[in-house]
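# Tertiary structure, described
Given next are the chains, with one letter for each unit.
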Amino acid sequence: MNAFKPKETLTEQVARHIENLIAFGQLRSGERIYESTMAKELNVSHGSIREGLLLLEKRHLVQNVPRKGAFVTPLDEHFVNSLYETLELYLTHTGQKLARQWQPEDMERLESLHEQMQSCYEKNDLMAFLEVGIEYTKASLVYADNYFIVSAIEDLWPSAKRCAFVAFRQGGKQVLEDNLAHMKQSIHIIRARDEQALADILHRYAIQQCQQVLSALDQ
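All values derive from a computational prediction rather than experimental measurement.

An α-helical turn contains 3.6 residues, so any two residues separated by three or four positions project in the same direction. Its 14 residues place the ends of helix 1 (residues 10–23) 20 Å apart at the C-alpha level, agreeing with the 20 Å of an ideal helix rising 1.5 Å per residue. Looking only at helix 1, the buried set comprises Thr11, Val14, Ala15, Ile18, Glu19, Leu21, Ile22 and Ala23. Buried residues in helix 1 make contact with strand 1 (32–33), helix 2 (35–42), helix 3 (46–58), strand 2 (62–65), strand 3 (69–72) and helix 7 (147–171). Phi for Gly25, located one or two positions after helix 1, is positive at around 80 degrees.

Take a look at the structure:
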């Protein structure tokens with residue numbers, strides 16, 4: 001029997017649309033989001049926009065300020081440093097569990113995603129590259145076995161995608177190649193079940209990604 005999968009709600013569709021506008025730079029850091037304009041653009045009610053913005057506040061992309069409105073969360077040095085420090089902590093914890101417990105199908109999944117990212121790179125499909133990269137990182141969550149960590153990471157993905165796009169847009173192919181190299185190396189380490197080496201590479205990768213984003217913001 002197939003598992004029941006409810007369709008994405010209108011609120012989720014609205015949130016996803018605005019999320020992509022922010023992640024791919026069409027709504028800029030600190031910019032106000034006007035409910036009436038967005039409702040007219042998407043042909044939905046003000047209530048649907050408001051609910052979508054509340055979801056995006058939980059996902060750290062929007063700040064709802066009483067009596068002033070909704071604003072895109074500023075993308076600044078503090079935000080970027082905080083994001084990558086938190087991601088490193090969570091992903092090291094879940095990644096080490098994956099290295100300890102992986103099954104053959106897990107490695108097949110990781111290698112398949114690596115091939116997909118390589119294909120996206122060759123096609124110069126940046127948006128697909130970002131999406132597959134996040135799917136690769138999510139793969140470690142299969143053994144997380146921690147409600148709070150999984151929930152927290154899910155809320156961080158939109159900001160991770162936003163920051164990655166900033167770095168990729170500025171750094172070009174070199175940033176993509178760095179990501180592919182990291183992925184290939186991490187697969188080798190996971191296969192070897194080397195938890196310390198995985199922690200080390202995640203630390204270096206988090207620092208590298210953080211610096212690439214901050215450098216792009218300085219341009």
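From this point, the narrative continues.
All right, on to the packing of aromatic side chains then. The final tally for this structure, using the stated rule, is three aromatic pairs. An angle of 80 degrees between the planes, with centres 5.1 Å apart, marks the rings of Phe24 and Phe165 as edge-to-face. Residue Phe24 is located in the loop between helix 1 and strand 1, and its partner Phe165 is located in helix 7; the two are separated by 141 residues in the primary sequence. On the basis of relative accessibility, which here comes to 10%, the residue Phe24 falls in the buried class. You can call Phe165 buried: its relative accessible area is 10%. Seen in terms of ring centroids, Phe129 and Phe168 are 5.8 Å apart; in terms of plane orientation they differ by 85 degrees. Their pairing is edge-to-face. Remark: Phe168 occurs in helix 7 and Phe129 occurs in helix 6 (residues 126–138); sequence separation between them is 39 residues. On the basis of relative accessibility, which here comes to 5%, the residue Phe168 falls in the buried class. In this arrangement the basic side chain of Arg191 is found over the ring face of Trp102, its NZ or CZ atom lying 6.0 Å from the centre. The cationic tip of Arg193 hangs over the ring face of Trp102; the distance from NZ or CZ to the ring centre is 4.1 Å.

Next up on the list: the nonpolar core. In terms of nonpolar packing, the biggest core is built from 51 residues, with Val80, Tyr84, Leu110, Phe129 and Ile190 touching the most fellow members. Residue contributions to this core peak at 11 residues, all from helix 7. Each residue touching Ile190, except ones within four places of it in the same chain, is listed here: Leu98, Ala99, Trp102, Met107, Leu110, Tyr136 and Leu198. Listed in part, the 17 residues of the second largest apolar core include Ala15, Leu21, Val44 and Ile49.

Now for the packing of helix 8 (residues 173–191) against helix 9 (residues 195–218). Each pair of packed helices gets described by two things: the angle between the helix axes and the distance between those axes. Close contact between helix 8 and helix 9 brings their axes to 10 Å; oriented N to C, the two are set at 170 degrees. As judged from the angle between their axes, helix 8 and helix 9 are roughly antiparallel. Every residue of helix 9 that contacts helix 8 at Val175, Asp178, Asn179, His182, Gln185, Ser186, Ile189 and Ile190 is listed here: Ala197, Leu198, Ile201, Leu202, Arg204, Tyr205, Gln208, Gln209 and Gln212. Looking at the contact of helix 8 with helix 9, its residues break down into eight nonpolar, seven polar and two charged.

Here the focus is the pairing of strand 2. Where strand 2 meets strand 3, four bridges bridge the pair, whose relative direction is antiparallel. Looking at the pairing, Val65 lines up with Gly69 of strand 3. Hairpin geometry of strand 2 and strand 3 is characterised by an intervening segment of three residues between the two adjacent antiparallel strands and by a positive phi of about 65 degrees at Arg67.

What counts as what
Within each chain, residue numbers correspond to sequence positions counted from 1 in written order. Given that the model is predicted, a residue must reach a pLDDT of at least 70 before its local features are reported, and side-chain atom pairs must reach 80 or more before they are shown or counted; all residues, however, enter totals for whole chains, interfaces and linings. Calculation of side-chain values draws on the structure's entire complement of heavy atoms; hydrogens and water are dropped beforehand. Each helix is a run of H or I in the DSSP string that is no shorter than four residues. Each strand is a run of E no shorter than two, and both are numbered from the N terminus. Expected span, for any helix, means 1.5 Å times one less than how many residues it has. Here the term buried applies to any residue with accessible area under 20% of the maximum for its type, exposed to any over 50%, and partly exposed to those in between, with areas from a 1.4 Å probe on protein chains only. We call two residues contacting when some pair of their heavy atoms lies within 4.5 Å. Only centres within 6.5 Å qualify two rings of Phe, Tyr or Trp (six-membered ring in Trp) as a pair; their planes then separate them into stacked at under 30 degrees, edge-to-face at over 60, and tilted for everything else. By definition here, charges over rings are those cases where NZ of Lys or CZ of Arg is within 6 Å of the ring centre and within 35 degrees of the ring normal. The term nonpolar core refers to a set of buried residues drawn from Ala, Val, Leu, Ile, Met, Phe, Trp, Tyr and Cys, joined through side-chain atoms within 4.5 Å. Where helices are involved, their axes are fitted lines through C-alpha atoms of the stretch in contact, as for all axes, and angles between N-to-C directions lie from 0 to 180°. Each angle receives one of four descriptions, namely roughly parallel if under 35 degrees, roughly antiparallel if over 145, roughly perpendicular if within 65 to 115, and oblique otherwise. Under the convention adopted here, Pro, Cys and the residues Ala, Val, Leu, Ile, Met, Phe, Trp and Tyr are nonpolar, Asp, Glu, Lys and Arg are charged, and Gly plus all remaining residues are polar. Think of it this way: DSSP has to see at least two bridges between two strands before they count as a pair.

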